[in-house]
Every structure is written in C-alpha cells, then in structure tokens.
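Observations on chain architecture
These are the residues of each chain, in order.
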Amino acid sequence: MDPVLPLETLAFGCRLNSAEAETMAALAAAGGLHDALIVNTCAVTSEAEAQARQAIRRAARENPGRPIIVTGCAATLAPAAWAALPGVARVLGNSNKLLAMSWGATGNPPPAVTQGRARAFLEVQQGCDHHCTFCVIRIARGASRSWAVDEVVGATRQAVARGQREVILTGVDLASWRDGAHGLAALARNCLAVPGLDRLRLSSLDPAAVTPELLALWAGEARLAPFLHLSVQHGAALILKRMRRRHSPMAVLELAAAARQGRSDMAVGADLIAGFPTEDEAHHAASMALVETLRPAALHVFPFSRRPGTPAFLLPALPPALVRARAASLRAAGKRHAEAAAAARVGQREVAIFDAPKLATTAQGLRLRLTAGTAPRGSMQTVRVTGVDGALLLAEAEHGVA
Ligand code: SF4
C-alpha cells in the first residue's frame, strides 16, 4: 500500500503567495484534508506559469492518485486550463482560496502570514485599483482591500509570541493600505507599538504613494527596517506613461534622496521591467541611467511578458532576444550596485536575523553568512562584517545572541 503523504504546498511568485499557501495548508488540515498537494500559482510572467505546470505534471507522475489542488492568480485567470492538467482534483480562485468553507473548515482565518520562518511575511492588503497596462494581477486579485488595523496588530502580536523577531508587511499594492482615515504610516506605527517586536519591514511600494509621513517614520524609528523597495518599472518617462504608472523617473530619484537624507543607513531597492513594447535604445538607456543614479542595493529585473487580457498584450512585442539582452544588461548593473552596497558594509556592525545557522538578513535586507560559528535559527545577533562574497556579507559574531 502506498504511504500516506503529508499535506504539502508549493507557492510560486510573490511573498503573498507564500503566506497564503501556509494559511491554506492550515485551513485544509482543519477541514480534514491530509494527503494532498496545494499549488498556489502566479501569473506575473508566462515563465512562472510554465514552472507551476511543470511542477504539477511532475507531482502527478510521482504520486498518481494524490489530489492536487490548484489555486492562485494563474488558476483564477484560466481555471479550465489548470483543471485539465493531470492529477488536478480541484481549482480554487483567489476569491475563495482563503475562505474556511472552501476547505471544509470553520471560522475565517486572520491575515495570511508565514509562521514557520524566522521572519513573518504578513499579508495586510489584497488586490489593486490601478490599471498598469502590463499587469494581470489586478485582474486576478480584484479590487484593493485591506485588513483592519486591529487584525494586523493582532497578527503581529502572534508573530512576536511565536518568537519571530521581524514582521514584513506585504500586499499586492501595499502603499494603498487603508483603514478609515489611517494609511500605511499609521499601520506601521501601530505594529511598532507591539511589545517585543524587534523589527518591522515594508515590502515593495508604489513610488507615487510613499508619503512624507512614512519618510518621517523611517527617519525617527530605528526598528523600521532601513530598506525602501520601489516598484519603479522603468527609467523613461514616456514608457512609464505607456505603462500607466503614476510617477516620473525624477520623482523616484527625489524620493530615494529624501529617504536617504532622513535615514543615513537607508538602502534602496527597485523593480524594473525590461523590453516593454515600443521601448527603444534611448528608453533602455534611461533605465540604465536611472540605475546608476539610484544605486540600488537590490534590483529585480523582469523581462516583459505579454499577458493576455492586458492592454500591453495588444502592443507589438520586441524580439525576445532583445528583451533578454536588455534584461541582462540591467541585471549586470544591478549586480554591480548590490556588490558595492555590500562592500560599503565591511567593518560595520550589523544586527542580523538568522534564518539558518550561518545565514541571516540584516536591517538593510542584505544577506549575510557567518564565517565562523553558528547562531540559533530565528535569533537576532550582533555581528561584524569582515568581508564580502559578491553581494553576500561575510561576518563574525561579535558577542552573544541579542
Ligand atoms: S500597481 Fe499596477 S502593477 Fe501593481 S498590482 Fe496594481 S495594476 Fe498591477
């Protein structure tokens, strides 16, 4: 007789999907489902979809008869196509996947959060009200909605009680979080008021929605991680217009400068799309130039991916080889700046959170490896940076666990 396999999840794409996968697993177990695979799909790129299809086919081959439940953005946009894959017993769209009744359980869950990790990724906002022309997420996840401040503070308390030293607020369009008159800065302040929370981090933000209040909070609150990650998308004003983004390249640079002025250890990160339709050499050069001025400690580059149902899908696509080449040149620039940001930390002290005996994340979000000794998983430790390995910091424990 085949052994009963445990309930497993596979999450593709964003941190939101990881947190949701953990919540779905808890709901499924509460509803009595034990031997199944839950696949939380992503639709941001065709590549992400291909990876999920591949994983489903492999799972069906390796464990025939084991139910596979497919959820997430790609499954929401094309349920029949995912239902037709081998081994798929059920497809659950985004609007139903976090409902207790969808899993035969009772009592709807609190905000989705990653519980088993050293740092807690906490979903505080869902959906989006903007209409970026390349984006399929707003179609897959619906209108913007926010968890109430009390629910988020409650989930933050639970994370602290579990021993998680850092909470990362995340969402599809985090900067649009709202609860009545309260915006993201107020939410962050409320979370920081939770006793025992060592560090709060904000995930990617729309540059057009970063408020002076938020910048002031960063300037005055050391426990708010000094990392501003901006969903910039492009360095050319005309392409940003065609993407229907709400900021200019200059506004991004001014925002980064203001954040750095308010907080001397502020690191900046950015998302960029390479090869958007109609992008010419001059537009691409503008993105490269923006990277040089922004000096990001982390740069995520996405080759443009045509998504059915989006306005950009109707525009003439650039040759794939050109898209790849432009993405590669942006990534090379990003690598250079990430390494420079790491090199600038040599000789510095860092308070890092360990997600493995030798691996940790610093306040700026840089990755770090201990060259000697180990630290308990989930612990926070003061270390001294002694060198770098590319963009990875090398460090020694300074003294006992913080
Ligand atoms: S802000 Fe734009 S890119 Fe982001 S989820 Fe909304 S529509 Fe998509």
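Here the structure is shown first, and the text comes after it.
Residues numbered from 1 in each chain as written. Predicted model: local features only at pLDDT ≥ 70, side-chain atom pairs only at ≥ 80, totals over all residues. Heavy atoms only, no water.

Digging into the overall build of the chain
- Along its length, the chain carries 12 helices and 17 strands.
- Seen along its three principal axes, the alpha-carbon backbone of the chain occupies a region of about 60 × 55 × 45 Å.
- Each of the 402 residues in the chain was classed as buried or not, and the buried ones make up 51%.
- The contacts of the chain with a sequence gap of at least 6 include a subset with a gap of at least 24, amounting to 70%.
- When the accessible surface of the chain is totalled, it reaches about 16900 Å², and 57% of it is carbon and sulfur. (Helix = DSSP H or I, 4+ residues; strand = E, 2+ residues; numbered from the N terminus. Buried < 20%, exposed > 50% of the residue type's maximum accessible area, 1.4 Å probe, protein only. Contact = heavy atoms within 4.5 Å. Areas by Shrake-Rupley, 256 points an atom, 1.4 Å probe, with all protein chains shown as cover.)

Concerning the sheet that holds strand 5 (residues 119-123)
- Within the open sheet, the 3 strands sit side by side as 5-8-9. Their pairing is parallel. Of all the strands in the sheet, the pair left with one neighbour each is strand 5 and strand 9 (199-202). Taken pair by pair, the neighbouring strands of this sheet meet at an average axis angle of 25°, ignoring direction.
- Where strand 5 meets strand 8 (residues 166-170), 5 bridges bridge the pair, whose relative direction is parallel. Across the sheet, alanine 120 pairs through a bridge with valine 167, a residue of strand 8.
- Contacting strand 5 and strand 8, helix 1 (residues 15-30) crosses the sheet at an angle of about 95° to strand 5. (Pairing = 2+ DSSP bridges. Axes fitted to C-alpha atoms, helices over the stretch in contact; angles between N-to-C directions.)

Things to note about the packing of aromatic side chains
- Tallying each qualifying case throughout the model produces 1 aromatic pair.
- Ring geometry for phenylalanine 276 versus phenylalanine 304: centroids 5.5 Å apart, planes at 80°, classification edge-to-face. Of this pair, phenylalanine 276 sits in the loop between strand 11 (267-274) and helix 11 (281-294) while phenylalanine 304 sits in the loop between strand 12 (298-303) and helix 12 (320-343), placing them 28 residues apart in sequence. We note that phenylalanine 276, like phenylalanine 304, is buried.
- Its end group placed over the ring of tryptophan 103, arginine 90 keeps NZ or CZ at 5.8 Å from the ring centre.
- Across from the ring centre of phenylalanine 313, 4.3 Å away, lies the NZ or CZ of arginine 306, which sits over that ring. (Phe/Tyr/Trp six-rings, centres within 6.5 Å; stacked < 30°, edge-to-face > 60°. Lys NZ or Arg CZ within 6 Å of the ring centre and 35° of its normal.)

Side note on the sheet that holds strand 2 (residues 37-41)
- Within the open sheet, the 4 strands sit side by side as 1-2-3-4. Their pairing is parallel. Every interior strand has two partners, whereas the edge strands, strand 1 (8-11) and strand 4 (88-92), have only one. In this sheet, neighbouring strand axes are inclined to one another by 20° on average, regardless of whether the strands run parallel or antiparallel.
- Strand direction decides the pairing type here: strand 2 and strand 3 (residues 68-72), joined by 5 bridges, are parallel. If you follow threonine 41 over to strand 3, its bridge partner there is glycine 72.
- Lying on the sheet, helix 1 is in contact with strand 1, strand 2 and strand 3; it crosses strand 2 at an angle near 150°.
- In this fold helix 2 (residues 46-62) packs onto strand 1, strand 2, strand 3 and strand 4, with an angle of close to 170° to the strand it touches most, strand 3.

A look at the pattern of salt bridges
- Taken as a whole, this structure holds 21 salt bridges when the rule is applied.
- When the shortest N-O distance is used, the salt bridge between glutamate 49 and arginine 307 registers 2.9 Å. With glutamate 49 in helix 2 and arginine 307 in the loop between strand 12 and helix 12, the pair connects residues that are 258 residues apart, well separated along the chain.
- For glutamate 49, a relative accessible area of 14% gives the class buried.
- For arginine 307, a relative accessible area of 7% gives the class buried.
- The partner of aspartate 265 in a salt bridge is arginine 263, and the shortest N-O contact between them spans 2.9 Å.
- What makes arginine 263 buried here is its relative accessible area of 8%.
- By sharing partners, the salt bridges in this structure join Arg119, Glu166, Arg199 and Arg201 into a single network. (Salt bridge = Lys/Arg side-chain N within 4 Å of Asp/Glu carboxyl O.)

Taken by themselves, the reported measurements are silent on function.
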